[in-house]
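Given next are the chains, with one letter for each unit.
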Amino acid sequence: MTVTRFAPSPTGYLHVGNLRTALFNWLIARAQGGTFILRLDDTDPERSKPEYADAIKEDLEWLGLTWDRVETQSSRLDRYEAAAEELRARGRFYEAFETPTELDLKRKKQLNMGRPPVYDRAALALSEDDKAKLRAERGQGHWRFKLDQTRIEWDDGILGPVSIDAASVSDPVLIRADGQFLYTLASVCDDIDYGITHVVRGSDHVTNTGTQIQIISALGGTVPSFAHHSLLTGPQGEALSKRLGTLSLRDLRDQGVEPMALLSHMARLGSSQPVDLRETLDEVIAGFDLATFGAAPTKFDVKDLFPLTAHALAHRPYPQVAGYLSALGVPDAIAEAFWLVARDNITTLKGLDAWWVLCRDGATPLIAPEDAEMVSIAFGLLPEPPYAADSWKDWTAAVKEATGRKGKGLFMPLRKALTGMDHGPDMAALMPLLQKVNR
Ligand code: GLU
C-alpha cells in the first residue's frame, strides 16, 4: 500500500515550489491507488497560524489535490516525547548546552582551519555533575541525536544513488532548549507511524534525509523511498527563494491562471517529457513518471502559465463556464454563442469581462482620418441591433457597393468602428452579440 504525504508548515501561503512537492506526492499516491496525507508541520507555535492552515487547504482544493486525511504535529507531542525517551534509552540522544554564539565561534574556527563546520561533540564529554552545573547556570540544554559516523546511502528516486558521510554532518538538534520538538524528530515519528512509503521533497532536504534515515533506523522504523526534486530558479537561473512570496498559489489564482494549466506545467517541468496541456487530473496522473525528472535546477517562468491557460480555456465547453457568464450578466439567450466567440480571444477568464462590456455597451469607434468619410457612410447603412448571422455580410456588401472599398480597406475600418480595436473575434460571429453600437 502506497502512502505519501505533503507536509507544509502552516507559516505562510503555498507557492509554486511547494506545489511541486505536493503534486509529486499526490500523483504517486493516486497512481498507485494509495493514500495521500496532508500533514501540517506545526510544531512551531509562534509561526504556525490556523489561517495559513486553512489557506493551504483552500489552495489544494482549488487545484483538486484532494487528501485522504489531515494530521497535525502539534497534537502529537506525547509521541515525540516517547521517541526522545527511546533514543535516550538507546544511547543515541545527548544534552548539549552551547549557546548559538558559542556554536558560531566553533564553526568559524573550524572554517579558518579549513575543516568542515561540524559540531565537535564536546557535550558528549560532560559528566552528570558538569551537566547539572550547566543546567543551573543556563537552564535546560538542547538535545542532539548521536549519528553513527558511517556512510549513509540510499537510492534516490530522482538523484540516483546518494552517499553521505555522516561524519561530515553535525549531530542534529531534535529538541530545543525551550523544549520545542524540531521538525526532524516529529517528521520521522510521523513517517514511521503513518507507514509512509514514499517521500518526495526538495533537494534542500538531502542532508536531512541522511540523518532521518539513521533516526528512523534507531527507532526501529522502516525507511521510505526518498526522492529529491531540484529547486526552482527564475527564468535566468536566478534563485527564486526571495521571489516565491509573489509566486504564491493564491496570487496565480488571482492572476487568472487555470488549475489544469498550472498542474500540467508543474507535472512536467524539469522532466524529459514535454509540457502539454492535460484536460483532467487523470491524464496528469497517467502521464507522470518521477524517473524522467533530472537533478539540475529547474527554470520556472510564470509567463509560461498563460499560453497554457489560454489553451485550456479555448477548449472549455460552455456548461463549465455558464455560471461565470451568468454572474457576469451575459443573458442566457446569447451566453453560449458569446462563450464560443470569446473563448479563443482571452488569456484568462477575466479577459471575458472586457469582451462582455464591448458587447453590452458598444465600443468607442476607432476611426482613422482617411476612413472617416467611408465609416460615416457605413454607419448610415447600419441598422440598430439586434443583429443576425448574416448582418456582417449584408452590411459590408452594402458599404462596398456605396463606397467602392474592398478587402482589408473595407473590413478593417469597419471592425475598428464597431469594436474600437484592430483585432478580435470573427466579425460575422461577433456582430449578433452586439447589444449596442456607438456611432
Ligand atoms: N515541513 C517540511 C518543509 O516544508 C517538510 C519537509 C518534508 O517533506 O519532510 O520543508
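These figures come from a predicted structure and were not determined experimentally.

Participant: It is not clear to me how the overall build of the chain should be interpreted in this structure. Could you clarify?
Facilitator: Each helix and strand in the chain was counted, giving 18 helices and 12 strands. In terms of C-alpha radius of gyration, the chain reaches 31 Å, well past the compact-globule figure of 22 Å for 439 residues. Here the C-alpha coordinates of the chain stretch approximately 105 × 45 × 40 Å along the principal axes. Within the chain, residue pairs in contact and separated by at least 24 positions form 75% of the contacts whose partners lie at least 6 positions apart. A total accessible area of about 20600 Å² is found for the chain, and carbon and sulfur atoms account for 52% of it. Counting 49 positive and 60 negative side-chain charges, the chain places the averaged centre of each group 4 Å from the other.

Participant: Got a minute to help me understand the nonpolar core in this structure?
Facilitator: Most often, soluble globular proteins have nonpolar side chains that are buried together. In terms of nonpolar packing, the biggest core is built from 44 residues, with Leu23, Leu65, Leu262, Met266 and Phe300 touching the most fellow members. Top element by residues in this core is helix 1 (residues 16-31). It accounts for nine residues. Excluding residues within four positions of it along the chain, Phe300 makes contact with Val16, Leu232, Thr233, Gly234, Pro235, Leu240, Leu247, His265, Met266, Leu269 and Leu305. Judged by nonpolar contacts, the second largest core, of 39 residues, contains Leu313, Leu352, Met374 and Leu433.

Participant: Even after reading the chapter, I still don't get the site of the ligand, so can you show me in this structure?
Facilitator: Neighbouring the ligand are the residues Arg5, Ala7, Ser9, Asp41, Tyr183, Ser187, Arg201 and His205. Within the side chain of Asp41, one N or O atom sits 2.7 Å away from a nitrogen atom of the ligand. Tyr183 is positioned with one of its side-chain polar atoms (N or O) 2.5 Å from an oxygen atom of the ligand. For the ligand, whose free accessible area comes to 300 Å², the fraction covered by protein is 78%. In terms of residue class, the shell around the ligand is made up of two nonpolar, three polar and three charged.

Participant: Would you mind going over the packing of aromatic side chains with me for this structure?
Facilitator: The relative placement of two aromatic rings is captured by the distance of their centres and the angle of their planes. Tallied over the entire structure, the rule returns nine aromatic pairs. Ring plane angle 45 degrees and centroid distance 5.2 Å describe the contact between Phe24 and Phe288, whose orientation is recorded as tilted. In this pair, Phe24 is assigned in helix 1 and Phe288 in the loop between helix 10 (281-286) and strand 12 (298-299), connecting sequence segments 264 residues apart. Like Phe24, the residue Phe288 is buried in the burial classification. Three or more aromatic residues joined by ring pairs make a cluster, and in this case those are Phe24, Phe288 and Phe293. In this structure, Arg88 is placed above the aromatic ring of Trp143, and the distance from its NZ or CZ to the ring centre is 4.1 Å. Of note, Arg144 hangs over the ring of Tyr119, and the distance from its end group to the ring centre comes to 3.8 Å.

Analysis parameters
- Residues numbered from 1 in each chain as written.
- Predicted model: local features only at pLDDT ≥ 70, side-chain atom pairs only at ≥ 80, totals over all residues.
- Heavy atoms only, no water.
- Helix = DSSP H or I, 4+ residues; strand = E, 2+ residues; numbered from the N terminus.
- Rg over C-alpha atoms; globule rule 2.2 N^0.38 Å.
- Contact = heavy atoms within 4.5 Å.
- Areas by Shrake-Rupley, 256 points an atom, 1.4 Å probe, with all protein chains shown as cover.
- Lys, Arg positive; Asp, Glu negative; His and termini not counted.
- Charge placed at Lys NZ, Arg CZ, Asp CG, Glu CD.
- Core = buried A, V, L, I, M, F, W, Y, C linked by side-chain atoms within 4.5 Å.
- Buried < 20%, exposed > 50% of the residue type's maximum accessible area, 1.4 Å probe, protein only.
- Near = heavy atom within 4 Å.
- Polar contact = N/O pair within 3.5 Å; in protein donor to acceptor, adjacent residues only side chain to side chain.
- Nonpolar A, V, L, I, M, F, W, Y, C, P; charged D, E, K, R; others polar.
- Phe/Tyr/Trp six-rings, centres within 6.5 Å; stacked < 30°, edge-to-face > 60°.
- Lys NZ or Arg CZ within 6 Å of the ring centre and 35° of its normal.

Without other data, these values stay purely geometric and don't point to any function.
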